[in-house]
Amino acid sequence: MHEGCIGCGTCAALCPKFWELKDDGKAHLKGGKFDEEKKEYELELDELECNQEAADSCPVQVIRIE
Ligand code: SF4
């Protein structure tokens, strides 16, 4: 995710281990790889942990789990 994030902070509140809000007012995926073409962070996960909850709670649904 990245484009479209409105910086509401929900993901960082629910899932601080993976998400943090930075100075640009957008959420960043900790340890994620940024794909310039897709304008998205990507992260391979063994466990979803709180990411599913963060994705479900994102008001603009820019967190996608595949
Ligand atoms: S929940 Fe969605 S809109 Fe809110 S900060 Fe996280 S990625 Fe951005």
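Report on the accompanying structure. The structure displayed is predicted, hence computed values, not measured ones.

Observations regarding the pattern of salt bridges
Pairing of side chains with opposite charge becomes possible as their charged atoms draw close. For the structure on display, the rule yields six salt bridges. Where E42 meets K38, a salt bridge forms, and the shortest distance between an N and an O atom there is 2.8 Å. By relative accessible area, E42 is classed as partly exposed at 29%. Of the charged contacts in the structure, one is a salt bridge between R64 and E66, with a shortest N-O distance of 2.9 Å. Across this residue pair, the class does not change: R64 and E66 are exposed. When salt bridges that share partners are traced, they join E40, R64 and E66 into one network.

A few points about the site of the ligand
Lining the immediate surroundings of the ligand are 14 residues, of which C5, C8, G9, C11 and C58 lie closest. By residue class, the composition of the shell around the ligand is 11 nonpolar, three polar and no charged.

Some thoughts on a nonpolar patch on the surface
Residues L43, L45, L48 and I65 make up a contiguous nonpolar surface patch of about 270 Å² in total accessible area. Structurally, the position occupied by L48 is in the loop between β4 (40-42) and α2 (51-57). By relative accessible area, L48 is classed as partly exposed at 36%.

Cut-off values and rules
Residues numbered from 1 in each chain as written. Predicted model: local features only at pLDDT ≥ 70, side-chain atom pairs only at ≥ 80, totals over all residues. Heavy atoms only, no water. Salt bridge = Lys/Arg side-chain N within 4 Å of Asp/Glu carboxyl O. Buried < 20%, exposed > 50% of the residue type's maximum accessible area, 1.4 Å probe, protein only. Near = heavy atom within 4 Å. Nonpolar A, V, L, I, M, F, W, Y, C, P; charged D, E, K, R; others polar. Patch = residues over 30% accessible without salt bridge, like charges linked within 9 Å, V, L, I, M, F, W, Y side chains within 5 Å. Areas by Shrake-Rupley, 256 points an atom, 1.4 Å probe, with all protein chains shown as cover. Helix = DSSP H or I, 4+ residues; strand = E, 2+ residues; numbered from the N terminus.

Honestly, that's just the spatial picture; any functional story needs more than this.
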